Number of protein chains: 2
Amino acid sequence: MNSIVQLINVKAAPPSLNDNTADLDRLKKVLAEQLAGVLPIVPFSRLAKVATRFRDAGFAGMAVVNDLPGGPQLVDFMAEPPAVLPAMALDLGTTHLEAVLLDLLTGRELARGYRENLQVRYGADILSRIHFAVRDNGLQLLHDAIISCINSLTVELAGQADLEVNDLRALSVSGNTTMVHFFLGLDPYHLIREPYIPMVNGPDPCRAGELDLVIHPFAPVWIMPSIGSYFGGDLISGILASDLDQNEQVSMLIDVGTNAEVVVGNRDWLIACAGAAGPALEGGVARMGMRAGPGAIEHVALDVASGKISYSTIAGIKPKGICGSGIIDLVAALYLARIIDLRGKFRPGHGSDRLIETKQGLAYVVAVADESADGHPVIVGQVDLDAVMRSKAAMYSILTTLVNQVGVKFADLHRIYVAGAFGRHIDPRQAIVLGMLPDLPMEVFEPVGNSSLKGACQVLLVRRDRERCRELIARITYLELNVNQEFMLRFSGAKFIPHTDHALFPSVPFFSEN
Amino acid sequence: MNSIVQLINVKAAPPSLNDNTADLDRLKKVLAEQLAGVLPIVPFSRLAKVATRFRDAGFAGMAVVNDLPGGPQLVDFMAEPPAVLPAMALDLGTTHLEAVLLDLLTGRELARGYRENLQVRYGADILSRIHFAVRDNGLQLLHDAIISCINSLTVELAGQADLEVNDLRALSVSGNTTMVHFFLGLDPYHLIREPYIPMVNGPDPCRAGELDLVIHPFAPVWIMPSIGSYFGGDLISGILASDLDQNEQVSMLIDVGTNAEVVVGNRDWLIACAGAAGPALEGGVARMGMRAGPGAIEHVALDVASGKISYSTIAGIKPKGICGSGIIDLVAALYLARIIDLRGKFRPGHGSDRLIETKQGLAYVVAVADESADGHPVIVGQVDLDAVMRSKAAMYSILTTLVNQVGVKFADLHRIYVAGAFGRHIDPRQAIVLGMLPDLPMEVFEPVGNSSLKGACQVLLVRRDRERCRELIARITYLELNVNQEFMLRFSGAKFIPHTDHALFPSVPFFSEN
């Protein structure tokens, strides 16, 4: 496996008049025998500590060696092997952070936690934070917020696992390009300005101490490389987690967060793109929209004959709002029940008493006031529907533009991996009815969960996966959609349910009348 | 040549929508083309600076790349090529520091300076400083003293060359093992305790900022590796400067400082040892002894017939004392004039009015009170002679033990390189009369000056020489004299002028009577 930090058991001959090799050189020499002949580098500020601990341990014990792209780095020495060698994998999301503590010796999960990104106080979304960053001290505040947030999550997880934070010997970070810029304290100015160039895509690993993280100061910090401003390390993690880059067959990976990010390919080639398709689906746009969390309506069914609606919420509690998967189910159901037309507009007079008039126009009541958590009905208005229509049109256009670019047909896709909360909750069948995902058999769609976090775990444990990351950034062709004419054309055609060209969706009923 | 810091001229295509490589990755990629395909590592704390300067310079200019054993390290970017790229080479001596500023672009010397090692306030010699180091805060004081001393020398040299200290992009340090321990803040405790093991012989290069040096914080600090507690990096420098390790013929390098350190060998093998032989010759023991500096009597001649003495001083000023080479000349002359016997004892009644009675016994007046700088005569007593006899016996024993160890005869030596002030001032002929150096033709002896400093200059300029250093510490066999029986036996035999076995010195007159 070759985890990012290795414990190497050494037993050196003690020094003598006939063998006067210096302490540290002695240790490096015996280590080199177990490191394919390579002498590890010792950072200056660890020199005295490592040499002293090695001598105090009687020239035998466990060397702590960071396995870095630049070569092995000797950072500590322990007289006795520790019970665990913990490290943290982190999904650095725009709205939330999720982390896992792993034991590098066994790969076992030791703790897991989740918390809101403290940066929300400076901006709810990436764009507002990038604007905030240019203010006086703005970047520093954003940087400090994310470090402090990671540190408090670290303390919590270490507590769960009954460890000291200083026991944590490595950190891997998987996040979008902007979050990584904030994490490293790098100016995000050019990320959102044509031609959208990050300051760095593949930063070399740094030490936790350099970032004021509370874990061991010489813990290597592995940052998932990004491909561009809109295609971040979280997607590279997704590729690692799904093995998209290893298979002979062509597959696709879709991640819908703030943006929709998509990659298609196999072991021979990979092409990626990203576009704004997410907000309506992530809970940021719909009036009653929310992230996929407890109380979110995640599935909706509508009996066409009776007009009776049923729904389920995450964690089974009273509804507080509706998340992306619920919205998709709802809009598909409204279409099949002909309460909305193929342009996604309410059809006045349809939808029985659920279709109500509000100050903002017609709206559909998903949950009545009595049923909801706060006594207010959960409703979806025309504005929300319009947003969903734009999102679904963008998503389908992104997917078609991308496959078209490489001459692949949707039917050629072995798998479509769907990442994140979106992948976990969405019913692909309803997304197909909406014309958001291509009309393919259900078994093609495979949710991959939090693949950003999964990839972050993999790089802690497997050297080959760390190498894959660095190879991937050279291998992936990035297709810029912001200036893509084809995308714009396709977008117009995709603004109908399921599509202007209904031959593309043979499994979806087509209602020609408005 | 490949100096330790390289300026690499790059011109990258500016980013565009069709080429969205991030700024730093773009720079690394164009650099790799000039670095044999190797992507340089960028230290975390230089990332933003390098990327920003590269962009601000219009994606073209000069990259500053440190050439380190672990691979190239990108640390800066300049829009315009600088006139010079200065670096400092330092001979870190126990009593004095000597330094040169070099231009890494041309190899040209920019400035040169010399100053007393501020550590003398904590102990005149290595041993007393090692004892001082174990006191509360002692090591820290010694470390701070040497850093502060280097910094003030740096400021002086930068001033000479009309440069800012921050312009200095590298430092190489050549010193004995103890001085290097103090320089790095490492505990010297075991250096003087059997089996005499340093904490480290071959430290990896660190950054100037890590040592609070005033030069550029990302200047690499190259430390000459040592072979053992008594065989330091200054000798490795001597080997580099003399090419001892490159020649087919067998040669010898002798450095007499606080200790006598000797290495013999050729391109196929190298053997080294060290022993206490120096004090009497370095100015530390003889009552009127002094280092080879202005006012030191460096040469002495005695007319056997007339008993008339003549001498010369360094810088031609009035004598203040006598340095090692003067002492050697004097003792050889006293022997040839039969004022001392073959045991190095004054022969009462010889030496005319120059041989006087003092409270400490007989003494020889080298310069009368009227001639001297301070109105006191420069005299050498029996105690001083005894010290010289021990030193010369130790030296010859070290040399014979070493060559004997490898089955080489003195006559097989192509060259005997004599390093330092000792090599610069000594008359090998007089040292032969004394039985200190082997009886070989004069052309065998070659002074190599401050080879410690020369080697330090070489590693700044030539990559192959940096590699040689690291190879040397693996190649050299170190012979420990502290427990060598043969050395002890030879020492007894060498306590006569020129030697008990006068067949070893055919060119030296032998006087059998006492």
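From a predicted model like this one, the values you see are computed outputs, not experimental measurements.

**Topic: the interface of chain B and chain A**
Now for step 1: Contacts between the two partners involve 38 residues from chain B, matched on the other side by 38 residues from chain A.
Now for step 2: Taken together, the elements giving at least two residues each to the side of chain B that touches chain A come down to helix H1 (23-34) and helix H2 (47-56) of chain B.

**A look at the sheet that holds strand S4 (residues 86-92) of chain A**
Residue and element names in this part refer to chain A.
Now for step 1: Reading across from one edge, S6-S5-S4-S7-S9-S8 is the order of the six strands in this open sheet, with mixed pairing throughout. On the outer flanks of this sheet lie strand S6 (109-116) and strand S8 (206-207), each paired with one strand and no other.
Now for step 2: By the bridge criterion, seven bridges tie S4 to strand S5 (residues 96-103) in an arrangement that is antiparallel. Counterpart to Asp91 in the pairing with S5 is Glu98.
Now for step 3: In the packing of helix H4 (residues 138-160) onto the sheet, the strands contacted are S4, S5 and S6, and the crossing angle to S6 comes to about 145°.

**Quick look at helix H14 (residues 485-493) of chain B**
Residue pairs three or four apart in sequence face the same way in an α-helix, which turns once every 3.6 residues.
All names here are of chain B.
Now for step 1: Burial in H14 covers these residues: Phe487, Arg490 and Phe491. Angularly, the buried residues of H14 cover 110° about the axis, an arc narrow enough to put them on a single face. Seen from the open side of H14, the exposed residues pointing more than 90 degrees away from its buried face are Gln485, Met488, Leu489 and Ser492.
Now for step 2: Tucked into the core, H14 has its buried residues touching helix H9 (382-405).

**Things to note about the relation of the copies chain B and chain A**
Now for step 1: It takes a turn of 180° to lay chain B on chain A, together with a shift of 0.0 Å along the axis; the resulting RMSD is 0.1 Å. Viewed as a symmetry operation, the transformation between the two copies matches a two-fold axis. It is Gly70(B) whose C-alpha, among those of chain B, lies nearest the rotation axis, at 3.3 Å.
Now for step 2: A high fraction, 100%, of the interface residues of chain B reappear at the interface in chain A, so the copies pair face to face through one surface.

**Some words on the packing of helix H9 (residues 382-405) of chain A against helix H14 (residues 485-493) of chain A**
Residue and element names in this part refer to chain A.
Now for step 1: Contact geometry of H9 with H14 gives a least axis separation of 8 Å together with a crossing angle of 135°. In terms of axis orientation, H9 runs oblique to H14. As H9 packs across H14, the resulting crossing turns out to be right-handed. Contacts from Ala393, Ala394, Ser397, Thr400 and Thr401 of H9 reach H14 at Glu486, Phe487, Arg490 and Phe491.

**Details of the domain arrangement of chain A**
Now for step 1: The domain architecture assigned to chain A consists of domain 1 (5-78), domain 2 (86-223), domain 3 (234-279 + 388-504) and domain 4 (287-379).
Now for step 2: For domain 1 of chain A versus domain 4 of chain A, the distance between C-alpha centres works out to 64 Å.

**Comments concerning the environment of Val403(A)**
Residues and elements named next belong to chain A.
Now for step 1: Along the chain, Val403 turns up in helix H9.
Now for step 2: Classification of Val403 by C-beta neighbours within 10 Å gives buried; the count is 20.
Now for step 3: For Val403 and Met252, which are 151 residues apart along the polypeptide, the C-alpha to C-alpha distance reads 9.2 Å.

**A look at the sheet that holds strand S16 (residues 355-358) of chain B**
Each strand in a sheet pairs with its neighbour through backbone hydrogen bonds, running either in the same direction (parallel) or in the opposite one (antiparallel).
Residues and elements named next belong to chain B.
Now for step 1: Judged by pairing direction, the sheet is antiparallel, and its three strands sit side by side in the order S16-S17-S18 without closing on themselves. Every other strand in the sheet has two partners, leaving S16 and strand S18 (378-381) as the edge strands with one partner each. Between one strand axis and the next, the sheet turns through 40° on average, direction left out of account.
Now for step 2: Direction of pairing for strand S17 (residues 361-367) relative to S18: antiparallel, over a ladder of four bridges. Residue pairing for S18: Ala363 is matched across the bridge by Gly381.

About the cut-offs
- Residues numbered from 1 in each chain as written.
- Chains lettered and ligands numbered in written order.
- Predicted model: local features only at pLDDT ≥ 70, side-chain atom pairs only at ≥ 80, totals over all residues.
- Contact = placed C-beta atoms within 7 Å.
- Helix = DSSP H or I, 4+ residues; strand = E, 2+ residues; numbered from the N terminus.
- Pairing = 2+ DSSP bridges.
- Axes fitted to C-alpha atoms, helices over the stretch in contact; angles between N-to-C directions.
- Buried ≥ 20, exposed ≤ 12 C-beta atoms within 10 Å, placed from the backbone.
- Arc of directions from axis to C-beta.
- Least-squares fit on C-alpha atoms with pLDDT ≥ 70 in both.
- Parallel < 35°, antiparallel > 145°, perpendicular 65-115°, else oblique.
- Left-handed = near helix turned anticlockwise from the far one by under 90°.
- Domains from an automatic or database assignment.

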